[in-house]
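Structure assessment
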Amino acid sequence: MPAFIWLTVMTALRILGRNRLRAGLTMLGIVIGVAAVIAMVSIGEGAKRAVQAQIATMGTNVIIIFPGVTSASGVRGSQGTAVTLTVSDALDLKKRVPLLVDTGWARRDVMQIVNGNRNWNGPINGISPSYLTIRDWSFTSGGPFTQADLDSAARVALIGQTIVENLFDPGEEPVGATIRIKNVPFRVIGVLAPKGQSAQGSDQDDVIFIPFSTAERKVFGTSFIGSVGTIFGSTDQVEDLPEAVERIREVLRARHRLQGDQNDDFTIRTQVDIGRVQEGTSQTLTMMLFSIASVSLLVGGIGIMNILLVSVTERTREIGVRMAVGAKRRHIVGQFLIEAMTLSLLGGALGIVLGVVGAKLTTVVAGWPTIISSDVIVIAFFFSLVVGLFFGLYPANKAARLNPIEALRYE
Amino acid sequence: MAPLIQCDDLWKIYRVGDVEVQALRGLSLTIEQGEFVAIMGSSGSGKSTLMNILGCLDQPTRGRYRLNGVEVGHLRPDQLADIRNRQIGFVFQSFNLIPRTSALENAQLPLFYRGLSLKEQRAMAAAALQRVGLGGREHHFPTQLSGGQQQRVAIARALVTAPSLLLADEPTGNLDTQSSQEIMSILEGLNREGITVILVTHEIDVAAYAHREIVIKDGQVLSDRATKGRSQTVGV
Ligand SMILES: Nc1ncnc2c1ncn2[C@@H]1O[C@H](COP(=O)(O)OP(=O)(O)O)[C@@H](O)[C@H]1O
Ligand SMILES: [Mg+2]
């Protein structure tokens, strides 16, 4: 049997080599199909990895609590309208939900910021110091403010890279400078390390942090003292998130005196939820790829079937001779199946090369990140094999069913 | 011992549209191991039909064919393929070599289906080519060989498996006199080594090599007689 397979593969290669143009055109469908799959999966993987990296910038095992009801798609009522979350909620959660390592809170508003003759409209965030650790912010220069700054409502600010770029000259050191927010002077004590885009696509570096107490008393106005825009928490282990969410819900419902049939007046999201939305997006992409791949492989397979049917007709006499000298049905079936698989595997191999080159080119030309996984290459190879096998089956059986006498007499 | 070939009341009926063609009409025949038989008869008399049945390429519509005492009619296609592969060698009028494939690989073909190792296949095929006087032509393609040489490759392919029966349907029909004589000498030699040879021909001088001459007419045996054979008339 090994000699049979080996010789049949050699024969198949020789026959294909004789009709190089025909073989090439036949393989084209498979080549394009496999190349498209490899290139697009590599691009998709690259994009997915980039999104995962963005989600990681949120912090580690982060839980976010908004006031108001939020639909699953992320659309929600204006954050400021419902005053349902307070600093005491956050403090109480920390006390009563032991799974939470820490809680922090923030309130934000977009305001004008001035430095000398430059100005910029940016989001001002009044935050608790713990917010910075929960969200994993670090510094390129200077450092965070402290509980003392919060207690004394100090006029100090931490600014993101985008703010630096828009309010300062290149090379100018922001730390120690004084900027004005809503005409109140603030001393810059830290510059935040850049985080880039968020998973939702917003610029995370367009940000200013000031102590929550300072924001309440000196910037936002006193109308909603104690209310916060968002409460943040984090757990030690990612597995603790669901349990923590349940506990938070219980505590908040009790604190907000919600009856059994009343809806929550807050929304809890975890980092895992946000990742899941992104996964959904990449699943859509995967489905699209899958349909493109199926269509090209189908077209490629039909091409192979067609060429094999031609080959069976052309070589009818040869098949008759082979039967006359003792070829069994399985030998004839094997011969044509091996020819089909040789075609499809060659096409698959060419497609893989083309796809990898295409993915690399995309990275070089368009700058998109691409990741070529060995999995997709193995799968592509396997699929070309299956296509060859499936579409070779009919012609091979047709050949094996020939009557030896009629085949020998065929002109 | 059972005769090599025993045919009883063979019928072969082809149906073309509404017309029935009776290619064999109750033909009976016995051939012993080691015979050299020439089958003659006018075109359309049923010679090829008979040869195909004897070679297990085709089955009779009615009647019984025993090869080496085994009734062939009951066998499955794969068993018939095995018989063709191990017991029977075929030589056709039109050579029927596989195009663009070397003489050696053509001669290897039956061994290939027997599942021998490549080395054994090559060695046995080379010996068979040597036997028919084509040593040194192993790597020639059919198009690079004369008609007589192509037919010798076909004989090498038929004898490579050391069959007990060699069937040749008008083996010299496409050849000149010189090549015909070469082919017949080879067949004569094989018969002398003990292989049963059955040969269809229209030519008297080709038939003269055989020791028995069967004439077929309208699908039946018209005459069946022993002949002297060339070896007795001409000497070895
Ligand atoms: N496949 C077939 N279908 C219909 N008729 C056939 C077929 N093969 C042979 N015949 C007919 O059977 C008869 C005998 O044919 P054949 O055995 O080839 O004769 P021979 O070899 O003696 O010239 C002829 O009349 C021929 O037309
Ligand atoms: Mg004939």
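A look at the overall build of chain A
Tallying secondary structure elements over chain A gives 13 helices and 10 strands in all. Whereas a compact globule of 411 residues would reach a radius of gyration of roughly 22 Å, chain A reaches 33 Å, over 25% beyond that. Counting only C-alpha atoms, chain A reaches 105 × 60 × 35 Å along its principal axes. The buried share of chain A, taken over its 411 residues, is 50%.

Regarding helix α2 (residues 77-86) of chain B
All buried positions along α2(B) are accounted for by B:L80, B:A81, B:I83, B:R84 and B:N85. Of the surrounding elements, those touching the buried residues of α2(B) are α10 (316-324) of chain A together with β4 (62-67), β6 (88-91) and α3 (103-114) of chain B.

Description of the domain arrangement of chain A
The extent of an interface is frequently quoted as the accessible surface area lost upon association of the parts. One can read the domain layout of chain A as domain 1 (2-54 + 276-409) and domain 2 (83-264). Put simply, the middle of domain 1 of chain A and the middle of domain 2 of chain A, counted by C-alpha atoms, are 56 Å apart.

Some details on the interface of chain B and chain A
Chain B puts 26 residues into the contact, and the matching count from chain A is 25 residues. Together, the buried faces of chain B and chain A total about 2300 Å²; carbon and sulfur atoms form 59% of this surface. Considering only the surface of chain B that becomes buried against chain A, B:L57, B:F112 and B:Y113 emerge as the three largest contributors, covering 28% of it. Summed over the shared surface of chain B and chain A, the number is 2 salt bridges. Here B:D82 makes a salt bridge to A:K328, at a shortest N to O gap of 3.2 Å. Our count for the chain B to chain A interface comes out at 8 residue pairs in polar contact (both at pLDDT 80 or more). Elements that contribute at least two residues to the side of chain B that touches chain A include exactly α2, α3 and α4 (118-131) of chain B. Element by element, the count of residues in the side of chain B that touches chain A is highest for α3(B), at 6 residues.

Some thoughts on α4(B)
Helical periodicity: at 3.6 residues per turn, an α-helix aligns residues three or four positions apart in one direction. An ideal rise of 1.5 Å per residue puts 20 Å on 14 residues; α4(B) measures up with 20 Å between its terminal C-alpha atoms. All of the buried residues in α4(B) are B:L118, B:Q121, B:A125, B:A128 and B:L129. What you see down the axis of α4(B) is that its buried residues fit within an arc of 100°, all on one side. Opposite the buried face of α4(B), at more than 90 degrees from it, the exposed residues are B:K119 and B:Q130. Contacts from the buried residues of α4(B) go to α1 (2-18) of chain A together with α3 and α5 (147-159) of chain B.

Let's talk about the pairing of strand β3 (residues 36-40) of chain B
All names here are of chain B. With 5 of 5 residues buried, β3 lies mostly within the body of the structure. Both faces of β3 are covered, namely the face carrying F36, A38 and M40 and the face carrying V37 and I39. One ladder, built from 4 bridges, connects β3 with strand β8 (residues 196-200); its direction is parallel. Looking across to β8, one finds that F36 is bridged to V197.

What to know about the sheet that holds strand β1 (residues 5-16) of chain B
All names here are of chain B. Spatially, the 4 strands line up as an open sheet ordered β2-β1-β4-β5, and their pairing is antiparallel. The sheet is open, and its two edges are formed by β2 (19-31) and β5 (70-71), each paired on a single side. Judged from the 5 bridges that link them, β1 and β4 form a sheet pairing that is antiparallel. Residue pairing for β4: I5 is matched across the bridge by L67. Of the strands in this sheet, β1, β2 and β4 are in contact with helix α1 (residues 47-54), which crosses β1 at around 120°.

Digging into the site of ligand 1
Residues in contact with ligand 1 amount to 13 residues; listed here are only the nearest, B:G44, B:G46, B:K47, B:S48 and B:T49. Residues lining ligand 1 come from chains A and B. B:S48 is positioned such that a nitrogen or oxygen atom in its side chain is 2.7 Å from an oxygen atom of ligand 1. In the complex, the protein chains occlude 70% of the 560 Å² of accessible area that ligand 1 would expose alone. For the shell around ligand 1, the elements supplying multiple residues, two or more each, are β1, β2 and α1 of chain B. Tallying contributions element by element places α1(B) first for the shell around ligand 1, with 3 residues. Per-class residue counts for the shell around ligand 1 are 4 nonpolar, 7 polar and 2 charged.

Structural notes on the nonpolar core
All names here are of chain B. Membership of the largest hydrophobic core comes to 74 residues, with the highest contact counts inside it found for I5, I39, L50, Y65, L67 and I198. Residue contacts for L67: discarding those within four places in its chain leaves L4, I5, C56, V72, I83, Q87, I88 and L165. Residues A125, A156, I186 and I195 belong to the second largest nonpolar core, which totals 40 residues.

Description of the side chain of A:D149
All names here are of chain A. Within the secondary structure, D149 sits in helix α5 (residues 147-151). Salt bridges are absent for the buried D149, whose nearest opposite-charge side chain, R187, sits at 6.4 Å. Setting aside chain neighbours within four positions, we find D149 in contact with A154, V156, P211 and S213.

Remarks on the pattern of salt bridges
Per the counting criterion, the structure on display carries 26 salt bridges over all chains. The closest approach of N and O atoms between A:R317 and A:E411, which form a salt bridge, is 3.7 Å. In this pair, A:R317 is assigned in helix α10 and A:E411 in the segment after α13 (404-409), connecting sequence segments 94 residues apart. Among the salt bridges present, the one from B:D58 reaches B:K12, with a minimum N-O distance of 3.2 Å. Placement of the pair is B:D58 in the loop between α1 and β4 and B:K12 in strand β1, with a sequence separation of 46 residues. One salt-bridge network, held together by shared partners, links A:D89, A:D92, A:R96 and A:R255.

As for the packing of aromatic side chains
All names here are of chain A. Inspection of the entire model under this criterion finds 8 aromatic pairs over all chains. Taking the centre distance of 4.8 Å and the plane angle of 80° together, the rings of Y131 and F232 count as edge-to-face. In this pair, Y131 is assigned in helix α4 (residues 129-134) and F232 in strand β9 (residues 230-235), connecting sequence segments 101 residues apart. Geometrically, the ring pair formed by F390 and F391 is edge-to-face, given 5.0 Å between the ring centres and 85° between the ring planes. F390 sits in the exposed class, given a relative accessible area of 58%. On the basis of relative accessible area, F391 is assigned to the buried category, the value being 10%.

What about unusual backbone geometry?
All names here are of chain A. Positive phi outside glycine occurs at A153, with the angle close to 50°. Here R257, not a glycine, exhibits a phi torsion of approximately 55°, which is positive. Positionally, R257 belongs in the loop between α8 (241-255) and β10 (266-270).

Some words on the environment of A:D92
By the secondary structure assignment, A:D92 is in helix α3 (residues 87-96). Filtering out sequence-adjacent residues up to four positions away, A:D92 remains in contact with A:V251 and A:R255.

Definitions and cut-offs
- Residues numbered from 1 in each chain as written.
- Chains lettered and ligands numbered in written order.
- Predicted model: local features only at pLDDT ≥ 70, side-chain atom pairs only at ≥ 80, totals over all residues.
- Heavy atoms only, no water.
- Helix = DSSP H or I, 4+ residues; strand = E, 2+ residues; numbered from the N terminus.
- Rg over C-alpha atoms; globule rule 2.2 N^0.38 Å.
- Buried < 20%, exposed > 50% of the residue type's maximum accessible area, 1.4 Å probe, protein only.
- Contact = heavy atoms within 4.5 Å.
- Domains from an automatic or database assignment.
- Buried area = accessible area lost by both parts, 1.4 Å probe.
- Salt bridge = Lys/Arg side-chain N within 4 Å of Asp/Glu carboxyl O.
- Polar contact = N/O pair within 3.5 Å; in protein donor to acceptor, adjacent residues only side chain to side chain.
- Expected span 1.5 Å × (residues − 1).
- Arc of directions from axis to C-beta.
- Pairing = 2+ DSSP bridges.
- Axes fitted to C-alpha atoms, helices over the stretch in contact; angles between N-to-C directions.
- Near = heavy atom within 4 Å.
- Areas by Shrake-Rupley, 256 points an atom, 1.4 Å probe, with all protein chains shown as cover.
- Nonpolar A, V, L, I, M, F, W, Y, C, P; charged D, E, K, R; others polar.
- Core = buried A, V, L, I, M, F, W, Y, C linked by side-chain atoms within 4.5 Å.
- Lys, Arg positive; Asp, Glu negative; His and termini not counted.
- Phe/Tyr/Trp six-rings, centres within 6.5 Å; stacked < 30°, edge-to-face > 60°.

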